[in-house]
Amino acid sequence: MTRLVRSPKETRIPRDLFAALADILRNKYLLDSEIGRGGMARVYLAKDLRYSRDVAIKLLDPSLLGFRGWERFLREVETLARLNHPNILPLLDSGEADDLVYYVMPFVPGETLRDRLTREHALPIGDAVAIALEMADALAYAHSHGVVHRDLKPENILFSSGHALLADFGVAAIISDVNESGHESEGFALGTPAYMSPEQATGEHHLDGRTDLYALGVVLFEMLAGAPPFGFSTPQVVMAKHRSEPPPSVRQLRPSVPPFLEAIVNRLLAKTPADRFTTALELRQALLAGPAAPHRISFRRFTWIPVSLVVIALLAALVFRPNRGSPPVRNVSTPPQTELAVLYFDDQSADNSLGYLARGLTEDLINRLQQQEILGVRSPEAVRPYRASSIPLQQLARQLGVGMVVSGSVARFGPRIRVTVRLSDAVSGRQLESAQREVQIGDLLELRDSVADEVARSLRRRLGRELQLRELRESTGNDRAWTLARQAEDLRDEAGVAPVSGAELYPRADSLLAQAERLDRRWIEPTVLRGWVAFDQAGWERANGKGLPAVRASLRSATEHAERAIILDSTSPPALELLGTIKYRQFALGVSNDTMLLQQAERHLRTAAAVPGLRQAAALRTLSAVLATEGRSADAYNSAERAYRLDAYLSDGSSIVALLYGTALDLGKDAEAVQWCAEGRRAYPDNWFFVHCQLTLFGWSPLVIPDVKKAWALAAEAVKLEAAGEGAGLPQQAELLTAGVLARVGLRDSASRVAERARRKAVDPLSPELIYDDALVHMRLNDNARTLLLLDTLVRIAPQYRMLLKTQRTFRPLQSDSTFLRLMGRD
């Protein structure tokens with residue numbers, strides 16, 4: 001099929017582009033000056049006359065339009081203008097007149113990544129990873145909407161308020177079209193050769209997101225090494241190297257680059273797209289999986305991952321258990337139990353043929369344990385000198401400065417491999433536990449990461465419990481007080497898993513702690529624990545319908561204990577975390593509608609979260625909840641993400657993942673919201689929230705295909721969860737969300753019937769959670785009148801929801817409605 005295109009000679013190009021564009025836009029924009037120029041476009045600073053804001057107007061080179069015309073470009077702009085992501089510079093406007101095609105973006109006064117590289121040459125490794133993560137976020141979102149950038153480079157990465165923004169999707173959208181025309185002008189067809197993928201350099205027309213990942217790999221290489229892998233030579237030479245030469249080692253150019261990061265760069269720069277990361281989301285996960293401290297990172301041998309899962313499975317059975325014997329004697333010179341060494345595993349095969357496997361297991365296990373920031377795991381380089389050494393364990397531990405040692409062996413028995421793992425107390429030299437696991441050699445590759453994750457979670461919980469008990473013991477010299485506090489902790493734990501006994505167990509725990517307080521009046525922990533017991537009791541009373549007065553009384557008691565603890569130590573992070581959490585819960589439960597509680601909670605929690613320790617992640621988690629309640633989703637997401645990295649013992653894992661899901665959804669990070677919901681479903685299958693989030697995604701997420709059959713299966717799961725004691729009213733909430741799924745697929749009548757049935761069956765029809773979900777359904781049904789009526793009821797019953805509703809993404813279509821504004825502004 002022949003396409004009619006206008007030849008370059010037929011394009012009318014004004015001699016003075018600035019004057020011509022200024023004349024065309026005079027009713028909308030006031031052009032100020034040219035602020036940038038490239039091979040494809042010129043950029044002008046201008047004032048948006050309607051909104052009185054600075055904008056950047058990009059004018060495409062008019063000579064390009066003769067090869068394809070501007071109609072396709074403007075259609076592409078319509079798609080690009082719908083991209084709404086915090087790391088993508090949005091398109092505000094576009095147009096064409098007199099052969100001039102332009103589009104309008106916000107003006108970002110900060111520098112570009114190119115500016116920073118020019119000034120600093122190479123970036124700090126942490127900054128480079130942070131920028132790569134934000135670019136991966138932007139690409140994951142764009143690719144999920146079918147948009148490929150095609151021109152990712154430092155010049156197109158801007159910085160604003162400490163975050164990286166990806167710009168120039170508009171120009172990239174027409175690259176493939178111009179290439180189809182056969183245009184070969186150096187300024188455009190070649191684009192930026194230093195960052196082109198091999199397939200783009202050879203002129204392939206059907207490019208997918210992996211070409212952007214290659215370009216991001218080049219940018220990451222340059223941020224780490226100070227120059228792109230193939231330099232800035234002539235376009236022909238650079239593109240030839242991209243097609244045929246392997247990239248240089250980034251670690252040879254900069255030895256401080258962690259091996260895991262070099263492995264990521266090499267995978268991004270693979271010549272064949274199939275050898276790269278499949279998606280930007282997969283890249284992001286790989287970047288987050290790397291240890292935070294470069295000096296504690298060793299290269300993960302991907303070949304050994306399946307076998308290492310066996311080792312971690314064995315570790316879960318070892319003694320990271322609470323010591324139920326006599327209290328340990330405090331010794332300030334004893335290395336903490338968080339300091340670990342994993343010694344190289346022994347090859348016990350008859351022909352010494354499993355040495356490669358033993359090495360891979362050891363280094364992969366070190367890698368996995370190093371991902372927990374609070375654990376000090378010695379690097380392979382640190383333990384390698386002791387590989388064939390017969391040095392006594394205690395001496396080795398002193399030299400390495402560790403409190404625990406993991407050792408092991410591998411042996412072959414016919415078609416099976418036996419892995420043995422031992423855990424030893426490095427100070428006493430006593431072997432705490434050993435375990436064995438045999439696997440078929442052919443089955444190794446069948447092991448899944450989910451098994452390893454579950455085992456790692458179990459390991460971390462047990463280790464966390466042990467460390468908390470040791471920390472508790474070391475803070476008092478009174479053995480009897482310590483024993484009473486420990487018994488109270490056991491009762492509190494029992495009440496958490498046997499909620500019907502809460503009415504009896506919480507008062508008993510409080511009584512034991514009161515005795516401990518009297519035995520050691522300078523010991524702050526029993527006072528803090530009494531606050532948490534009262535706090536937990538308030539939650540139990542609310543869940544069991546004891547009424548607001550009972551909840552208020554328990555929270556008041558918790559506050560009194562927290563304030564007494566702060567009198568003992570005004571800088572105590574546990575006491576400040578407790579007080580901040582109580583104040584947040586008072587607002588969240590509607591005990592008080594004073595927004596000052598949130599400000600006070602934030603202040604206490606920020607102070608507590610600034611001090612490293614076992615409860616730092618918990619303080620950050622609650623801080624994230626406070627910020628989310630205030631509608632500060634970006635800050636809330638950052639706090640939750642930091643909590644997730646610091647929660648070495650998964651003491652707050654489910655609530656942190658829930659916060660990451662919710663704040664990602666509000667920020668428009670749909671791909672991440674889907675990821676966090678899936679993580680929650682996998683890690684906490686019995687937690688109702690992750691059934692709720694999956695149903696919500698089926699009904700509302702643009703990245704999730706609605707599945708009515710699966711939605712009903714989830715609704716049935718909610719019935720089982722209610723029967724297991726997860727809470728009353730879950731089936732009705734699930735039915736309402738399923739109605740949202742039905743509405744999304746066009747079954748509006750069915751959706752209305754299901755929603756009505758759920759409301760009739762509700763045990764508590766005035767439950768705020770139920771009303772909120774009902775409002776979601778009617779938003780999906782485009783029934784604004786009913787939605788507003790439900791929201792009116794909601795803010796009357798639970799005024800604390802008002803702050804959330806003002807900024808929540810789901811209800812943004814109502815934010816210009818006068819009734820909605822009145823509801824949100826009501827005193």
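This text goes with the structure placed above it.
These lines cover the structure that appears in this document, whether it is placed above or below. Starting from 1, residues in each chain are numbered consecutively following that chain's sequence as written. The predicted origin of the model limits local features to residues at a pLDDT of at least 70 and limits the giving and counting of side-chain atom pairs to 80 or more, whereas totals for whole chains, interfaces and linings rest on all residues. Computation of side-chain values: all heavy atoms of the structure, hydrogens and water removed.

Attention now moves to the sheet that holds strand S4 (residues 93-97). One open sheet holds the five strands; their spatial order is S1-S2-S3-S5-S4, and the pairing between them is antiparallel. Two strands close off the open sheet at either side, each with one partner strand: strand S1 (29-37) and S4. Here the average twist between neighbouring strands, direction ignored, is 25°. Between any two strands, pairing holds if DSSP finds at least two bridges. Secondary structure elements are taken from DSSP: a helix is a run of H or I of four residues or more, a strand is a run of E of two residues or more, and numbering for both begins at the N terminus. Where strand S2 (residues 41-48) meets strand S3 (residues 53-60), eight bridges bridge the pair, whose relative direction is antiparallel. Residue pairing across strands places Ala46 opposite Val55, the latter belonging to S3. For helices, the fitted axis covers only the stretch in contact; all axes are lines through C-alpha atoms, and the angles between them, taken along N-to-C directions, range from 0 to 180 degrees.

Exposure is judged per residue with a 1.4 Å probe applied to protein chains only, and the accessible area is read against the type maximum: over 50% gives exposed, under 20% gives buried, and values in between give partly exposed. With burial as the criterion, each face of strand S8 (residues 339-342) is covered, one bearing Glu339 and Ala341 and the other bearing Leu340 and Val342. Both S8 and strand S10 (residues 376-377) contribute to a ladder of two bridges, which runs parallel. By the bridge assignment for S10, Leu340 is matched with Val377. Where S8 lies against strand S11 (residues 404-413), three bridges are found, and the strand directions are parallel.

Another aspect to go through is the packing of helix H21 (residues 548-568) against helix H22 (residues 573-588). Between H21 and H22, the shortest axis-to-axis distance is 9 Å and the interhelical angle comes to 155°. It follows from the interaxial angle that H21 and H22 lie roughly antiparallel. With respect to the hand of their crossing, H21 and H22 are arranged in left-handed fashion. Of H22, the residues touching H21 (which contributes Leu555, Ala558, Thr559, Ala562, Glu563, Ala565 and Ile566) are Ala575, Leu576, Leu578, Leu579, Ile582 and Gln586. In this classification, Asp, Glu, Lys and Arg are treated as charged, Ala, Val, Leu, Ile, Met, Phe, Trp, Tyr, Cys and Pro as nonpolar, and every other residue, Gly included, as polar. Of the residues contributing to the contact of H21 with H22, the split by class is ten nonpolar, two polar and one charged. The labels follow the angle: roughly parallel below 35 degrees, roughly antiparallel above 145, roughly perpendicular from 65 to 115, and oblique for the rest. Throughout, a crossing is termed right-handed when the near helix is turned clockwise from the far one, and left-handed when it is turned anticlockwise from it by less than a right angle. In what follows, residue pairs with any heavy atoms lying within 4.5 Å of each other are defined as contacts.

Take unusual backbone geometry next. Phi at Arg150 is positive, roughly 75°, even though this residue is not glycine. One non-glycine residue, Asn782, lies in the positive phi region at around 60°. Along the polypeptide, Asn782 turns up in the loop between helix H32 (768-780) and helix H33 (784-797). The exposure class of Asn782 is exposed, given its relative accessible area of 62%.

Burial within S2 is extensive, with six of its eight residues counted as buried. For S1 and S2, the ladder comprises seven bridges, and the chain directions are antiparallel. Within S2, the position partnered with Glu34 by the bridge is Tyr44.

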